[in-house]
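Here are the chains, one letter per residue:
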Amino acid sequence: MAVAPRLFGGLCFRFRDQNPEVAVEGRLPISHSCVGCRGERTAMATVAANPAAAAAAVAAAVAVAEAREPQREELPGLDSQWRQIENGESGRERPLRAGESWFLVEKHWYKQWEAYVQGGDQDSSTFPGCINNATLFQDEINWRLKEGLVEGEDYVLLPAAAWHYLVSWYGLEHGQPPIERKVIELPNIQKVEVYPVELLLVRHNDLGRSHTVRFSHTDSIGMVLRTARERFLVEPQEDTRLWAKNSEGSLDRLYDTHITVLDAALETGQLIIMETRKKDGTWPSAQLHVMNKNMSEEDEDFKGQPGICGLTNLGNTCFMNSALQCLSNVPQLTEYFLNNCYLEELNFRNPLGMKGEIAEAYADLVKQAWSGHHRSIVPHVFKNKVGHFASQFLGYQQHDSQELLSFLLDGLHEDLNRVKKKEYVELCDAAGRPDQEVAQEAWQNHKRRNDSVIVDTFHGLFKSTLVCPDCGNVSVTFDPFCYLSVPLPISHKRVLEVFFIPMDPRRKPEQHRLVVPKKGKISDLCVALSKHTGISPERMMVADVFSHRFYKLYQLEEPLSSILDRDDIFVYEVSGRIEAIEGSREDIVVPVYLRERTPARDYNNSYYGLMLFGHPLLVSVPRDRFTWEGLYNVLMYRLSRYVSKPNSDDEDDGDEKEDDEEDKDDVPGPSTGGSLRDPEPEQAGPSSGVTNRCPFLLDNCLGTSQWPPRRRRKQLFTLQTVNSNGTSDRTTSPEEVHAQPYIAIDWEPEMKKRYYDEVEAEGYVKHDCVGYVMKKAPVRLQECIELFTTVETLEKENPWYCPSCKQHQLATKKLDLWMLPEILIIHLKRFSYTKFSREKLDTLVEFPIRDLDFSEFVIQPQNESNPELYKYDLIAVSNHYGGMRDGHYTTFACNKDSGQWHYFDDNSVSPVNENQIESKAAYVLFYQRQDVARRLLSPAGSSGAPASPACSSPPSSEFMDVN
C-alpha cells in the first residue's frame with residue numbers, strides 16, 4: 001500500500017515497529033529527533049546543512065534500515081487506522097485479559113490523532129506527529145509517572161497491538177520510554193495497573209544502601225525475593241528470607257513466598273529487608289538465649305562433625321531432645337531441609353497445619369545442628385512453637401518422647417502438604433474385591449489428600465480385617481500408618497508385698513513378697529500366702545491400711561487389680577467372721593483402732609482430742625467372752641508383746657468415791673462421748689464389707705458404748721465404739737447404728753508412755769521370700785510384631801458397627817502389614833495403663849542392628865528378586881530410663897555422613913559401640929530400608945554420600961559406657 005510521505009523540513013520518516021524507514025525528498029535544512037522504537041533508544045544522526053552530505057547520510061540510513069527489515073507494510077489509510085486502533089480485535093474496545101500489556105498515551109496527542117484520522121485528509125495540518133508523553137512524567141531522568149493521573153483526562157489506554165501500530169506509523173519521541181502496564185486480576189474485577197508498587201530493597205547488614213524496584217501487585221513474594229537475591233548477588237547455596245518494615249517501625253516476616261504483593265499488603269516506598277543465614281545455621285535476627293549467646297561466643301571458631309550437636313535441656317525437655325535427635329538423623333529428611341526443598345512446599349493455608357511455622361522452626365534447628373559450628377544449641381524457639389500449637393506441651397512438665405514425635409510428624413506433614421485444597425474422599429470397603437485393587441485404591445485416596453515428604457518417608461499401609469461374631473460379616477479396609485506401636489509380651493503374674501499379722505501375740509508381723517495372677521482374686525493372694533505361713537486361706541482377712549485406719553476390708557471374691565502397687569496391704573489371721581451371725585458359735589472379728597488423748601487447742605483442760613496411731617488390728621473374740629471385761633482381757637493378750645501389764649504397786653485401791661471422781665475426769669460418759677474432739681479432719685469412710693444389718697451386734701452384747709463406766713482398779717486404757725474412720729463416736733453417726741461397730745483403744749499420754757513400747761509395736765520380720773525377684777526373660781522384637789498382628793477381640797468401650805447386623809458388635813480384629821515405608825518407626829509400648837494401675841515394663845527387647853527382615857510379616861505379594869525391600873537397618877533409638885513418675889530420655893543415633901553411632905544425652909554427645917545400643921531402656925526404634933540406604937549412598941542419591949550404619953566403630957577405649 002502506497003504511503004504518502006510526510007515532509008519535515010525536507011525529511012520524510014515512515015515507521016514500522018522499531019525500525020525507521022528514511023527517504024529523501026527536496027531540501028534537508030534541519031534534523032529531527034522523532035524515532036519509532038519500542039523500548040529501545042534509536043538515535044538519528046544529525047543531518048548536515050550540505051545537501052550532498054545529507055543525501056549521502058540519509059542514503060546510508062536507508063540502506064541500514066532495509067538490511068534490518070527488508071519487507072515493510074505501508075502506512076494504511078485513515079479509515080483503516082481508525083478501525084485498527086479503536087474497533088478491531090486489537091483496538092481499545094477489546095476486553096481486558098489478566099497478564100496482558102497495555103500502554104499509556106498522553107490524552108492531548110491521542111485527541112489530535114483522532115481529529116487527524118477523522119478529518120479524512122492525510123495531508124492535513126492536524127497531523128499529530130510523534131507520540132509524546134512528556135506531560136505524564138515527573139521528570140526525564142527516572143521517568144516516573146506523575147501522581148494522581150486519571151484515565152480519560154490525562155491519558156488513554158491502548159492494548160499492545162494498537163500501541164505498536166501507532167509507534168510504527170508515527171514514532172515515539174526520542175528518549176522517552178514506552179509506558180507499559182500489566183492487566184491484573186483483582187477480586188471480581190480486572191484492571192490495568194497504572195501505578196505498580198515500588199519497594200526499597202536493602203540487606204540486613206547494609207541498611208543504608210537501597211535499591212528501588214517496581215513490582216506488580218500480582219507479583220509473588222517469591223519474585224521479590226529472587227529479585228533481591230539478584231540485586232545483591234547472593235550465592236545460590238545461601239539461605240535468605242524477607243522482612244517488611246511496617247508503619248509502626250517494627251518488622252514482619254514475609255513467610256509465604258507464594259502470596260502476592262497485594263495479599264501481603266506491601267505499599268510503595270516500603271522497606272524490604274533481605275536477611276542471609278549465617279554459616280552456623282542461625283539467623284542474625286534471632287533473639288538468642290543468654291546461654292546460647294555465651295556458647296556462640298566461646299565456639300565462634302569451632303568446627304566439628306555436622307550432626308554431632310547436643311540440645312540443651314530447658315527443664316524436663318529431655319523427651320523433646322530425644323525425639324529431635326532421632327528425627328534429625330533420618331538421612332533423607334535432613335537432606336530435604338538442608339537442601340531447602342521445603343521452601344517450595346510450605347503450605348501456609350492448610351487449616352490443619354501450623355502456618356508453616358513448625359516446619360520452619362524445625363528447619364532452623366536442623367540447619368544449626370548440621371552446620372558443624374555448634375557443640376550444642378538451645379532449642380527454645382522450637383519449644384515455644386510446639387507449646388503454641390500444642391498446649392499439652394506448654395510449660396516444663398515431663399512428657400512422652402513418642403507423643404511429641406507423633407505431633408511433630410503430623411505437624412511437619414500438614415505444614416509441607418503439597419495438596420493445597422483437600423477434596424472429599426469416601427472410604428470404600430473391599431466388598432469382595434481383590435486385596436491388590438483395594439489397597440491401591442486406598443493409597444491413591446490417601447495421596448489425594450496427603451502428599452508430603454513425611455508421607456514419602458514414613459507412611460505405610462495396614463490391612464484391617466473385622467469379623468462380626470453374630471453374622472460372620474467380614475470387613476476389609478486398608479489404612480495408612482506413620483509408626484507401629486507394638487505391644488510387649490506381658491507376664492500374667494505380678495508381685496505384691498504384704499504384711500502378715502498372726503494371732504499369736506508372741507510372733508512379730510511378717511513381710512512377704514507374693515507372686516499372684518494379675519487377673520486373680522483376693523482369695524488367690526490368701527492361697528499364695530498360706531504356702532509361706534502354713535495358715536489356711538479361710539483364716540485370713542485382707543485389708544488396705546492407710547493413715548492408721550482401715551481404708552478397705554476386702555472380700556475374697558474381689559479382683560486383685562483393685563490393689564495398687566503403692567497400697568499397704570495387711571493380711572490378718574482370724575478365727576471367725578467380721579459379720580456376727582445370730583446363733584453361730586464362730587468367734588467375732590472386731591476391728592480395733594489405737595488412739596491417744598491429747599489436749600485440744602480450742603478447749604480448756606477438761607476436754608481432750610484423740611489422735612490415731614500405730615497399726616489397726618482385727619481381733620477374734622470368743623462369744624462367751626464378748627463383754628467389755630472380756631474384750632479388755634482379749635486385747636491385753638493380743639497386745640502383750642509390746643504392752644506390759646501393771647504390777648501390784650500400780651493397782652489403784654482407793655475408795656469407791658475417789659474412783660467415781662476419777663471416772664468423771666478421765667472417762668467420758670455416754671452423754672459426753674460425742675463431744676470428744678479429733679484434731680484430724682474426717683475422711684471418707686472405708687468399705688468395711690458390712691453392708692446389711694447384723695442381728696447380733698456388739699452394742700447389744702455390751703450394753704453401752706464405752707468401758708469401763710466405773711472402775712475399782714486402774715486400767716491401762718479405755719474402750720470406745722467408733723465409726724469406720726475411727727475419728728468419732730458412733731453416737732454421732734446415726735447411719736451406722738445398725739452396722740458392726742469398730743472399737744477404739746484410748747490411751748492416756750502418761751499410760752501410753754509408761755506401758756506401750758512403740759519400737760516393739762512397729763517391729764516386723766522379713767520372710768525369705770522378700771528377697772525374691774521375678775526374672776523377666778528377654779523377648780525378640782519379632783515376637784512383639786507377631787503379637788501386633790495377632791487376632792484380638794474389641795473391648796466393650798470400643799465396639800464396631802456391623803453394617804449387616806445394624807448393631808454394634810465386639811468383633812474380632814486383625815491387623816496385617818501390606819506396604820512398608822522407607823523409614824519404619826517402631827514404638828515399644830512399655831507403659832501400661834489400667835483402671836487401677838500404671839506401670840512401666842522394663843523387659844529387655846532384643847532388636848537387630850542390621851537385617852531386620854519383614855518379609856514374613858508383609859502379606860502383599862512380594863518381589864523376590866529384590867529382598868532389600870523388606871530388610872531394614874537401625875539408624876536411631878529413643879531411650880527412657882526410670883519409672884512412670886520420673887525418668888530421663890536419651891538417644892542413640894547413627895550419623896548419616898560418617899556411619900558412627902553416638903549417644904545424645906541433652907547437650908552431651910559421645911561416641912558409642914554398637915553393643916551398647918540394645919538395653920532395657922529402648923523405647924522408640926528407627927529403621928531404614930536397605931534399598932533406600934543404597935540409593936542414598938549412590939552419587940545420584942545424595943551430595944554428601946552418607947555412610948551405612950554397618951560401618952565399623954572406632955576403638956572401644958573412646959566410648960562412654962551408657963548402661
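Residues numbered from 1 in each chain as written. Predicted model: local features only at pLDDT ≥ 70, side-chain atom pairs only at ≥ 80, totals over all residues. Heavy atoms only, no water.

**Quick word on the overall build of the protein**
We count it as follows: By definition, any uninterrupted DSSP run of H or I lasting at least four residues is a helix, any uninterrupted run of E lasting at least two residues is a strand, and each is numbered from the N terminus. When a residue's accessible area, from a 1.4 Å probe over protein chains only, is under 20% of the maximum for its type it is buried; when over 50% it is exposed; and in between it is partly exposed. Throughout, a residue-residue contact means that at least one pair of heavy atoms, one from each residue, lies within 4.5 Å.
Looking only at helices and strands, the protein has 21 helices and 46 strands in total. Within the protein, the proportion of its 963 residues that are buried is 49%. Within the protein, residue pairs in contact and separated by at least 24 positions form 70% of the contacts whose partners lie at least 6 positions apart.

**Points about the sheet that holds strand E36 (residues 812-819)**
Convention followed: By definition, two strands form a pair when at least two bridges between them are found by DSSP. Orientation is described by lines fitted to C-alpha atoms, with helices fitted over the stretch in contact, and by angles between N-to-C directions that extend from 0 to 180 degrees.
Read across the open sheet, the 4 strands follow the order E18-E17-E36-E33; overall the sheet is antiparallel. Each edge of the sheet is formed by a strand with only one pairing partner; in this case those strands are strand E18 (474-481) and strand E33 (792-793). Where strand E17 (residues 460-467) and E36 come together, 7 bridges link them in antiparallel fashion. Bridging across to E36, Phe462 finds its partner in Leu817. Relative to E18, helix H12 (residues 435-449) is tilted by about 40°, and along the sheet it contacts E17, E18 and E36.

**Some points on the side chain of Lys367**
Among the secondary structure elements, Lys367 is positioned in helix H9 (residues 357-369). When neighbours within four sequence positions are excluded, Lys367 is seen to be in contact with Asp239, Arg277, Asp280, Gly281, Phe337, Leu338, Asn340 and Tyr342.

**Quick look at the side chain of Glu275**
Inclusion rule: Within 3.5 Å is the distance limit for a polar contact, defined as a pair of N or O atoms, with the added protein rule that one can donate a hydrogen and the other accept it, and that residues adjacent in sequence qualify only through two side-chain atoms.
Locating Glu275 in the fold gives a position in strand E14 (residues 271-276). Residue classification places Glu275 among the buried positions, given a relative accessible area of 1%. For Glu275, the side chain forms a polar contact with the main-chain nitrogen of Ser285, separated by 2.7 Å. When sequence neighbours within four positions are dropped, the list of residues in contact with Glu275 reads His204, Asp239, Thr240, Arg241, Trp243, Trp283, Pro284 and Ser285.

**As for the confidence of the model for the protein**
For any part of a model where pLDDT is low, the fine detail of the predicted coordinates should not be relied upon. Rule in force here: Each residue carries a pLDDT value, the predictor's own confidence for that position, ranging from 0 to 100.
Residues with a pLDDT of 70 or more make up 77% of the protein, whose mean pLDDT is 78. A low-confidence stretch, residues 35-73 stays under pLDDT 50, and its non-local contacts, those more than four residues away or across chains, total 62 contacts. This stretch, residues 288-298, has a pLDDT under 50; its non-local contacts, to residues over four places away or in other chains, come to 9 contacts.

**Quick word on the nonpolar core**
To keep things clear, this is the line we draw: The term nonpolar core refers to a set of buried residues drawn from Ala, Val, Leu, Ile, Met, Phe, Trp, Tyr and Cys, joined through side-chain atoms within 4.5 Å.
Membership of the largest hydrophobic core comes to 53 residues, with the highest contact counts inside it found for Leu327, Phe337, Tyr362, Phe458 and Phe926. With 8 residues, the single largest contributor to this core is H9. Membership of the second largest hydrophobic core comes to 37 residues, among which are Phe462, Cys784, Ile849 and Ala922.

**Some points on the pattern of salt bridges**
The condition is simple: Salt-bridge detection follows one rule: a side-chain nitrogen of Lys or Arg within 4 Å of a carboxyl oxygen of Asp or Glu.
Under the definition given, this model contains 42 salt bridges. With a shortest N-O distance of 2.8 Å, Arg494 and Asp565 are connected by a salt bridge. With Arg494 in strand E20 (residues 493-501) and Asp565 in the loop between strand E23 (549-553) and strand E24 (569-573), this pair connects stretches of sequence that are 71 residues apart. Among the residues examined, Asp565 registers a relative accessible area of 54% and is labelled exposed. A network of salt bridges, in which partner residues are shared, links Glu345, Arg418, Lys447, Asp451 and Asp456.

**Thoughts on the environment of Pro741**
Mapped onto the elements, Pro741 comes out in the loop between strand E29 (717-722) and strand E30 (742-747). Overall, the relative accessible area of 1% leaves Pro741 in the buried class. As for Pro741 and Gln720, which are separated by 21 residues in sequence, their C-alpha atoms are 9.6 Å apart.

**A few points about the packing of helix H8 (residues 331-338) against H9**
As a reminder, the rule being used: Any angle that falls under 35 degrees is termed roughly parallel, while one over 145 is termed roughly antiparallel, one within 65 to 115 roughly perpendicular, and all others oblique. Here the term charged refers only to Asp, Glu, Lys and Arg, the term nonpolar to Ala, Val, Leu, Ile, Met, Phe, Trp, Tyr, Cys and Pro, and the term polar to all other amino acids, Gly among them.
For the pair H8 and H9, interaxial distance at closest approach is 9 Å and the crossing angle is 100°. What the angle tells us is that H8 and H9 run roughly perpendicular. Where H8 abuts H9, its residues Leu333, Thr334, Phe337 and Leu338 lie against Ala359, Tyr362, Ala363, Val366 and Lys367. Partitioned by chemical class, the residues of the contact of H8 with H9 number 7 nonpolar, 1 polar and 1 charged.

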